[in-house]
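# Descriptive structure summary
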Amino acid sequence: MRTEKSIEAFNRALKSIPGGVNSPARAFKSVGSNPLFIEKADGSAIYDIDGNEFIDYVGSWGPMILGHAHPEVVKAVRETAGSGTSYGAPTILETQMAELIGEMIPSVESVRMVNSGTEATMSALRLARGFTGRDMVIKFEGCYHGHGDSFLIKAGSGALTHGEPDSPGITKGTAKDTLTAGFNDTGSVENLFTMHGDKIAAVIIEPVTGNMGVIEPDREFIQTIRTLCTWYGAILIFDEVMTGFRLAKGGAQELLGITPDLTTLGKIIGGGLPVGAYGGRKDIMDSLSPSGPVYQAGTLSGNPLAMAAGIATLQTINSNGEFYNELEKKSALLEKGLCENLHKSGIPAVVNRVGSMFTIFFTSEKKVSAYKDVMTCDTEMFARFINLLLDEGVYMAPSQFEACFVSSAHSESDIRYTIDKCQKILDRLKE
Ligand code: KE4
């Protein structure tokens, strides 16, 4: 695979952009290679500047559920842009988006648009704190909610502790209000509520994780969180930036049958343009300025281009009553093929899949259902797998701790090609 142009582009970018990328997830650092610079993308295919073509399972980390450059999305952006790109004043497009989100996710009675998933989660936490008058938040080890200070906190030792900053620049004052529990560890959440219950403003969780790889919640675990939040008057925030409109029309909360108090969204609702949103119970949302005292604002919130792209995406999904069934069939076919490959190869690995999100964990654990299982992964083996896969024209997430995504644009031949190439590579990994 030729990569001269990407290498040259990367060296040039390094001179003016920290690490040569505008987001660390793109850096390919954890798989020991350099990022590919992309020229264009169409449907399930992505093309780098050296002319290499790949079947894309990153999909911009989730937004591209319809595949790249979907005609309806491109048309909507083109037509909207011709009338101007931003007004700093309300448009009907924003109301259409809010109504559409509320129709698809009934728990979202009222919603505020922002410009990224990070902005959505930061704002939702401030709102929960403002509404309850409490300071503490519980997050889960391995869950990622964007780069807001309160969320860049890991558990430190054990799963029950006051937070330790994950990054320089986060004050001890911030970290002390973030408590960390274990995903799928019901006792860890119960203990935190027993110790801090009336000081906990919110619990925020990826209802199905994508950011430590894909892990599904035990039903008793997620139900207990809902019960504890209700009992102690804490706000349950489902961070569905990745799972929203991905796992079902109504997101993970539809799949799990759990109603959160607030939901954060992003990715798919922008159709690839910068977007985020947070919404939920009207009594909570009405605390937001200008209706209420909790302040949050944004120059480009509800930007007409992002709204047009997002509305076109959601309307395209809604126009096909079989959309999620078709996605499920393709994703299940891929999972089956990958599992058969891995079984034949004898290489220890676990494939976790929920809907069209999946992760191949290179571990000898029989099951990956918690952060501690994820930490057993052979990241060296994973890196070799990813790089060999790229040589064969398949682009999967360049980190063991991420999700891959199937889109409606992936064809059955894409899936079969991917399965065949994975088999070839696993045989080579055994050498
Ligand atoms: P953004 O600020 O990146 O739009 O969203 C933050 C965020 C919040 N919540 C969840 C569940 C998320 O998955 C994300 C962002 N996801 C990563 C991929 N794991 C974005 C990729 C990147 O950081 O470049």
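What you see is a predicted model; the values in this text were computed from it and never measured. (Residues numbered from 1 in each chain as written. Predicted model: local features only at pLDDT ≥ 70, side-chain atom pairs only at ≥ 80, totals over all residues. Heavy atoms only, no water.)

### Section: the sheet that holds strand β3 (residues 53–56)
Taken in spatial order, the four strands line up as β1-β2-β3-β16 in an open sheet, and their pairing is mixed. What marks the edges here is a single partner per strand, and that holds for β1 (38–42) and β16 (394–395). Where β3 meets β16, two bridges bridge the pair, whose relative direction is parallel. If you follow Asp 56 over to β16, its bridge partner there is Tyr 395. (Pairing = 2+ DSSP bridges. Helix = DSSP H or I, 4+ residues; strand = E, 2+ residues; numbered from the N terminus.)

### Observations regarding the sheet that holds strand β17 (residues 404–405)
Spatial strand order, β14-β15-β17: three strands in an open sheet with antiparallel pairing. Whereas interior strands pair on both sides, the edge strands pair on one side only; in this sheet they are β14 (350–354) and β17. Bridge count between β14 and strand β15 (residues 357–361): five bridges; the pairing is antiparallel. If you follow Val 350 over to β15, its bridge partner there is Phe 361. Relative to the sheet, helix α11 (residues 323–345) contacts β14 and β15, its axis offset from that of β14 by approximately 175 degrees. (Contact = heavy atoms within 4.5 Å. Axes fitted to C-alpha atoms, helices over the stretch in contact; angles between N-to-C directions.)

### Quick word on the layout of surface pockets
Taken as a whole, the second largest pocket encloses approximately 450 Å³ of empty space. Taken together, 23 residues make up the lining of the second largest pocket; nearest its centre are Glu 94, Arg 112, Met 113, Ser 301 and Gly 302. Every element with two or more residues in the lining of the second largest pocket is listed here: α3 (92–104) and β4 (110–114). Residue composition of the lining of the second largest pocket, grouped by class: ten nonpolar, eleven polar and two charged. (1 Å grid on protein atoms, 1.4 Å probe; cavity = no way out; pocket = protein on both sides within 12 Å on 5 of 7 lines; lining within 4 Å. Points joined across faces, edges and corners; volume = space filled by probe spheres on them. Nonpolar A, V, L, I, M, F, W, Y, C, P; charged D, E, K, R; others polar.)

### Side note on the nonpolar core
In this structure, Tyr 57, Phe 245, Ile 269, Phe 385 and Met 396 are the most contacted members of the largest nonpolar core, which totals 66 residues. Not counting the four nearest positions on each side in its chain, Phe 385 is found in contact with Ile 360, Phe 362, Met 396, Cys 422, Ile 425, Leu 426 and Leu 429. Counting residues in hydrophobic clusters, the runner-up holds 39 residues, among them Phe 193, Ile 200, Ile 222 and Cys 229. (Core = buried A, V, L, I, M, F, W, Y, C linked by side-chain atoms within 4.5 Å. Buried < 20%, exposed > 50% of the residue type's maximum accessible area, 1.4 Å probe, protein only.)

### A word on the site of the ligand
Lining the immediate surroundings of the ligand are 16 residues, of which Ser 23, Thr 118, Asn 211, Asp 239 and Glu 402 lie closest. In the model, an oxygen atom of the ligand is placed 2.9 Å from a nitrogen or oxygen of the Gly 117 main chain. Asp 239 is positioned with one of its side-chain polar atoms (N or O) 2.7 Å from a nitrogen atom of the ligand. Within the complex, the protein chains bury 86% of what would otherwise be the 540 Å² of accessible surface of the ligand. Each residue belonging to the shell around the ligand can be placed in one class, and the counts come to five nonpolar, seven polar and four charged. (Near = heavy atom within 4 Å. Polar contact = N/O pair within 3.5 Å; in protein donor to acceptor, adjacent residues only side chain to side chain. Areas by Shrake-Rupley, 256 points an atom, 1.4 Å probe, with all protein chains shown as cover.)

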